Structure formats: C-alpha cells, structure tokens
Amino acid sequence: MSQAIFALSTIAIGVGGCILYFYASNLFLDKVLFPARGPNAGRNINRAEAVRPWLFLAPALIALGLYLAYPVVATAWLSLVKEQGATRNFVGLANYAQMTSESKFWESMRNNMLWLFVVPAASTAFGLLAAQLTDRIAWGNFAKSLIFMPMAISFVGASVIWKLVYDTRPVDQAQIGLLNAVWLQFGGGVWSVLFLRILPALLLAAIAVGLAWGVWALLRPVLGSGGSRGSLVVVLLRLLGAAVFAALAVVMLWWLVGVFTVTLPYGQPQTWLTIPFWNNFFLMIVLIWIQTGFAMVILSAALRGVPEDTIEAAIIDGANPFQIFFRIKVPQIMGTIVVVWTTITIVVLKVFDIVLAMTNGQWETQVLANYMYDKFFRAFDVGVGSAAAMVIMLLVTPILVWNVWNARKEMR
Amino acid sequence: MADLKLIDVAKGYGDVKVLSNINLDIKTGELIVFVGPSGCGKSTLLRMIAGLEKITGGDFLIDGVRMNDVPPAQRGIAMVFQSYALYPHMTVRENMSFALKLAKKSPAEINAAVDKAARILQLTPYLDRLPKALSGGQRQRVAIGRSIVRDPKVYLFDEPLSNLDAALRVATRIEIAQLKESMPNSTMIYVTHDQVEAMTLASRIVVLAGGGISQVGTPLELYERPQNEFVAQFIGSPAMNLLDGEVTATGAQTTVSLTGGGTAISSVPTRESDKGLKVRIGVRPEDFVPTDGTHIYQGTVALTEALGEVTLLYFQKDGDKAGIVAKLPGIHNELRGRVVRLTADPRKVHVFHDGKSLLYR
C-alpha cells in the first residue's frame, strides 16, 4: 500500500513539477525578464518570443543530452580504451580487433542478419495479410484485437509463454509443450508426409517463386529498354537487391531438397531450443508473434486510406481481388509498408530480451545485443562491450535515418 | 452498338427502398443524362448499371442479355469517376493500359490503343507523367482516355466535371460533346446535377426524384412540356413560378383566375368538367412580359438583379400573394420599388393539378 502511495505521489510530483516548470518559467520570462511594458516593450516582446522555444525545449534537450548524447560519446570513447588496473589506456582499435577475432561475435552477426531478413519480412507480410483479411468482415475488429494483443506483453513475458510452447518432457511423460505434443502425433504415415514434407515444400517453393519474382521486378527496369532507368546508384541498389533475393531463392530451393531427404526422428520429444541454426527461427517466432500486431494496425489504417474510387475503377477495368490487392492497394501503401518494415528492422537489430530469456545465446543463438551484455555486465570487459554497442549503433543508424525520412515523406 | 433496357429495376438496402420502378429504354448512340436533386439516387442508378452496386429488383439488359449478375468488367462498360480515380502510382500510359493488360492484350495492341486515345485527348506529351503532375483537366482527360482504350459499348460518366473550375468545366463539356460526336455508335450515360450540362449534352434527360423517374425526354421537351411541377421547377433557372388558382373557363384555351388576383390564359385545353378545378399555373421567369392590360401577376419589385443581358425582378411576398421572379431582357434597375404588371403568352402558361400537368392526361 505504501508503495502505491509512493508511486502515485511520484507521478503527482513529476507531472506537477513539469506543469509548474513550464508555467512558472513562462511567467518569469513575460513578467520579470522581458516585461511587455515600459519604454522597450516592443524589443522585449521580440526577445521573449526568441527565448520561449528554448525555454520549452530545455528539459527535453537536457534529458536527451544527458541520457542519449552523452552515453553515445562515452561509449564511443570506452570502445577505444582498455582498463588496466585503475587506469584506462587508449588502445586504438584493439578492442574491435579482439572482438572480430571471436567466433561468438561472428555468430552474433550471422544471427542478427538472419533475424534482420526473416522477422521484418514475416511480420510485415503477416500484418498485411491480417489487415486485408479483417478489413471487411463483421468480426474483423475482434480478430484484430486478438492479433494485436501480444503487443501488450513484454518481450520477456512473451519469451516465457513461448518457452512453455517449446518445453520438453521425457518420452514417457505427458508433454506440456504444445510443439512436442503436436510433434509426437506424427509417426511417419501419410499425414506426416503431408504436413512435414509436402506442405513445407510448397511453402518453400512459394517463397522461392516470390523471391524470383522479386529478382525479376528489380531487374526489369535495369535490363528493359523502355521506361526510365534511373541513376547509377539506383541501378546498383537494384542489382544488389536482386543478388540477395537470388541467393535467398537458391537457399529456399536447397531447403526444398532437404525437406525430402532429411530423416525425421519421429516419436522422440525434441528439445527445440538446442537444435543449432533452426533454434534461431524458434526465437524469431516470438518476435514475429509480437510485431505482427503492430504491422497489422498500421497497415490496416493505411489500407483504409486507399481511395475507394481507385478500387472501383480497377474492378471495372477487370482486376480480380488479387490484382486489386497487389497492383492497386499495395503500391499505394508502399510508403507505409517501408516505414513498418524499417521500424521492425530497428527493433530486430536491438533484440535482446528474447534471446536472454530463452537461450541466453547458447546453442548458437547469440545476437549482438546479448553479446554486448555478456561482455559488459558478465565479463566486465567494458572495451569490447562498448565496441559491440558501437557496431549495433552503426547498423541501426542508416536504417533509422531512412525510416525517419520515409515517415516524414508519408506525413507530407 | 448497345441498347440498354431497364425493366422495373429497384434498389433497396434492407427495408429501405432507394429506387423503384425504373423503366428505361436507351438506344444505341444516345447520350442520356441523369439529373435530380442530391440524394435522388442518380449515382446509385449509374453504379447499378456499372455493376458496382447490386440490383435488388427487376432486370437490366444490354443488347438483350441480362446483366444483373455479370461482373462489371464483362458488361462492356467503362466509367469515368467524379474524382477521376486515377491510379496514383502509375504513369498516364500505365493508367490507360491497365485494363488492356489485365485483358492480356498484346503489347503492340495496347500501345496502339493508348497512343490513339492519347492523340484524341491531346495527352501524348504527358504519357510518362504521374497523375500528381497533371492539372485537373488533364487528369479528367486521362480518366476519359482510360475508358476510350477499352472501346466499351457504354460509357458511364459520374459527375465528371464537378471537380473542375468553371472555365475548365465549359471547355471539358465541349470536349465531351465533341467526343460523343466522333463516336456516334457509342452509348453514353452521364450523371450530373448541373442543368447546363444536362441541357447541352443530352439527347434525352432522365429526371430522377423521390426514388423514381419523374420524366424522360429531350431537353426541350422537359423545358417546354414538363409533366409535373417537380420537373417544371427543376429544369430552368431561376425555377418556374407557381401560382394557385381556379379554372373559370374551359375549352381549347383555359382561363384560370388566380388566388392572388389576376387572370391567366393558357393554351392547355381543358374539359367542361374541369370548371372550378383547383389548379396551379406555372410561368417561367423569362416568359413574363410587362403589360398594361389583364395581368397574371401584379406586385411591387423588391429587388432587381441586372445581369446585363437580362434583369431579374424579385417580387415581394404579400399575404396570400406569392413572391415570384421575373426575367426581363435588358437592364431595368429603375423598376425597383415600382408596381409592375406581368402577363405571358398563353402557350407559355403551364397548368398543373395535384402536381401533374394537365397536358398529359
């Protein structure tokens, strides 16, 4: 009870303090510092107006400077020094050299890249699908609330929930983990072939086809004779994108072969989170589960904003629902899709809690943020920890800039 | 090459009837204009013809084929929307070729059709631009071009000019008239609330009101021989004046003595039994002429509006005497505050009973 009172009084003092600051400082400016009377009234008003924005911005600027700008500079500095006893010595890029010589760092980089591709793509795709499917049905809003609900759960809470889903018990006990309970239903019969071979194969094939289409769409303006080709940078970006897509498509086909050749250990409960490489995906599902709701809400609003007329014109032009969706609606909300995608990408690059709570980076699931935490707060190697933090910042910054640029463009 | 036939067509949302008993025959090559006050269902009727709204009763035929359940793209129609409804992410060329691409036409065929339409509409220099880089009139032309390339049997226009400014509206109206001229075999249906558009473009006008058709006819038919008070007042501006009275003499010409004093003679024939019938006569403002003899209306001019070629005289409402409007040629500002007597040619005096014209019974 006393804690509740403490919390409430903190809120009251905080909010009250803010109001008091703005009100009192404003009053001070107008009545005492530059009063709008006397011989210099006009000059005083101009000065007060020049000072006022800074007065109101000051708390935010100070807080951001103290808690954001200073730590960035300090971390950058710490990444260049080494603690030797009580003194700190400048060691140049030695921390970075040490970091890049560690296999765990490269494992984190690889996993982060994996997360970077899979989570934003899957969340945006599922979000868009959910937004479109719930658009015109009576219980659409109910479905949306359900899909949005994971957004209200903290990453750690979500991890605990999914840890239960992935839980494993010895084979002679009842499985409390949903995934193992389902897994043990498969015995290698017809259904197993259908669900564990044919269905994933179709899914992979579909993704591969989608990627191939992406390659074609990216290359078409470069190779084609008609239309504007754009600048050299655009051409290079398109080529790069096409190369990435093509590589991913090959991977998908490789997996497609794997789906049919692998021998599955039917009847044995699996410890899902210890299966190297694939356990990354089990962790990603948690974040996708959370972020789909976010993507859905934003994209749903964007879809509502597509002018009804253009859809009706497309109907009259003979477009079927798929063509309307992909060729009329999606292009019109492309800006929003990019913003959603990049926003989720930034979340993904910082992902930490999920990995910490579920595997703590074991079994080849390490990611950069958790690697940094390991170095900083477990190994107390401030230098390498700071270096890892700088790497994360360097990865996030360009995407952040792009995201802000896109968001501002959308708002215009 | 398309005859449209609407038989008892109706539209309802649940229990709410929006349109009912719509019977209409549209011949190949006609330009039909739907007019009516806002909310009369004219756009809904057009959208039912387009296939964007479900027809909830009756039959709709194009060339004798029932179209009620045919998807819009297969009805052989094209539609121009009020907001143009251009695809913002496509260039003018892509906008115009979208339908043909969906129909899997060959690129050569598509280019030929687009280039031809662009030439007709003078859009050739803009083919690679996005809609946002075009002016309102150009956007409207692209929307029309998007229809032309599909070579539809029926063109549907949903208030196509209402988003344009006044000068552009006149220019585009003339362009549409010329377009119609150049395609004598295409049928067009045009929705508007603007009388001038209706009067100038239409081969026939359909006046919609109260969930049904009020009258169908050529523009001059509607102007000269309105079937009812609604059409009489809707067509023409300012609206026709209506004055209450009682039939006193019948025959080839009808004499009506008016409640507000005054006598009107109309060339609408009446029967012997009509004597004493409570009627309303209708006289258009422009049909009034000043007189010293028997008058239809006598009153004080409360306000004048000189427009140069004509002057509008607004008469004061006074007791049971209605306030009316007269339109006299020339400039007559000096009449303000004066008492003026007005009469009209018997051929220009309409007689209504119970809201319906006595001409049609």
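Since the structure is predicted, the reported quantities are computational estimates derived from the model, not experimental observations.

Helix and strand counts for chain A come out as 16 helices and 2 strands. Against the 2.2 N^0.38 benchmark of 22 Å for 412 residues, chain A shows a C-alpha radius of gyration of 27 Å, more extended than a compact globule. By the burial criterion, 37% of the 412 residues in chain A qualify as buried. In chain A, of all internal contacts separated by at least 6 residues, the share reaching a separation of at least 24 is 70%. About 23,800 Å² of surface is accessible on chain A, with carbon and sulfur atoms providing 74% of the total.

Attention now goes to the side chain of B:Glu197. Residues and elements named next belong to chain B. Locating glutamate 197 in the fold gives a position in helix H6 (residues 195-201). No salt bridge forms around the buried glutamate 197; measuring N to O, its nearest opposite-charge neighbour arginine 169 is 4.9 Å away. If we ignore the near neighbours within four places in the chain, the residues touching glutamate 197 are Leu161, Arg169, Arg173, Tyr190, Thr192 and Ala202.

It is possible for side chains of opposite charge to pair when their charged atoms get near one another. Per the stated rule, a full pass over the model turns up 23 salt bridges over all chains. A salt bridge links A:Glu312 to B:Arg47; the shortest N-O distance between them is 2.6 Å. Placement of the pair is A:Glu312 in helix H11 (residues 308-316) and B:Arg47 in helix H1 (residues 42-50), with the two residues belonging to separate chains. Both residues of the pair, A:Glu312 and B:Arg47, belong to the buried class. Its salt-bridge partner being B:Lys348, residue B:Asp287 comes within 3.9 Å of it at the nearest N-O pair.

This part takes up helix H13 (residues 334-349) of chain A. Residue and element names in this part refer to chain A. Counted at 1.5 Å a residue, the expected span for H13 with its 16 residues is 22 Å, and the 22 Å between its end C-alpha atoms agrees. Inspection of H13 places Gly335, Thr336, Ile337, Val339, Val340, Thr342, Ile344, Thr345, Ile346, Val348 and Leu349 among the buried residues, and these make up the whole buried set. Turning to H13, the residues buried within the fold contact helix H4 (103-133), helix H10 (278-304), helix H12 (321-332) and helix H16 (382-411).

We now examine a nonpolar patch on the surface. Residue and element names in this part refer to chain A. A contiguous nonpolar surface patch, about 770 Å² in accessible area, is contributed by Trp191, Val193, Leu194, Phe195, Ile198, Leu199, Leu202 and Phe260. The element that contributes the greatest number of residues to the nonpolar patch is helix H8 (residues 190-223), accounting for 7 residues. Within the secondary structure, phenylalanine 195 is located in helix H8. Owing to a relative accessible area of 39%, phenylalanine 195 belongs among the partly exposed residues under this scheme.

All names here are of chain A. Under the domain assignment, chain A is made up of domain 1 (2-78), domain 2 (100-180 + 271-411) and domain 3 (185-266). Spacing between the C-alpha centres of domain 1 and domain 2 amounts to 37 Å. In this complex, domain 1 contributes 4 residues to the contact, which on the side of domain 2 involves 6 residues. Here domain 1 packs against domain 2, burying approximately 380 Å² in sum over the two surfaces, 85% of which is carbon and sulfur. On the surface where domain 1 and domain 2 come into contact, there are 0 salt bridges. Its residues placed into classes, the side of domain 1 that touches domain 2 shows 3 nonpolar, 1 polar and no charged.

Let's shift gears to the sheet that holds strand E5 (residues 65-66) of chain B. All names here are of chain B. Pairing is antiparallel in the open sheet, where 4 strands are placed in the order E2-E1-E4-E5. Edge positions in the sheet fall to strand E2 (16-26) and E5, since each of these pairs with one other strand and no more. Relative to E5, strand E4 (residues 57-62) runs antiparallel, the two sharing 2 bridges. Directly across from leucine 61, in E5, lies its bridge partner arginine 66. Across the sheet, H1 lies against strand E1 (4-13), E2 and E4, angled at about 115 degrees from E1, the strand it touches most.

What counts as what
- Residues numbered from 1 in each chain as written.
- Chains lettered and ligands numbered in written order.
- Predicted model: local features only at pLDDT ≥ 70, side-chain atom pairs only at ≥ 80, totals over all residues.
- Heavy atoms only, no water.
- Helix = DSSP H or I, 4+ residues; strand = E, 2+ residues; numbered from the N terminus.
- Rg over C-alpha atoms; globule rule 2.2 N^0.38 Å.
- Buried < 20%, exposed > 50% of the residue type's maximum accessible area, 1.4 Å probe, protein only.
- Contact = heavy atoms within 4.5 Å.
- Areas by Shrake-Rupley, 256 points an atom, 1.4 Å probe, with all protein chains shown as cover.
- Lys, Arg positive; Asp, Glu negative; His and termini not counted.
- Salt bridge = Lys/Arg side-chain N within 4 Å of Asp/Glu carboxyl O.
- Expected span 1.5 Å × (residues − 1).
- Patch = residues over 30% accessible without salt bridge, like charges linked within 9 Å, V, L, I, M, F, W, Y side chains within 5 Å.
- Domains from an automatic or database assignment.
- Buried area = accessible area lost by both parts, 1.4 Å probe.
- Nonpolar A, V, L, I, M, F, W, Y, C, P; charged D, E, K, R; others polar.
- Pairing = 2+ DSSP bridges.
- Axes fitted to C-alpha atoms, helices over the stretch in contact; angles between N-to-C directions.

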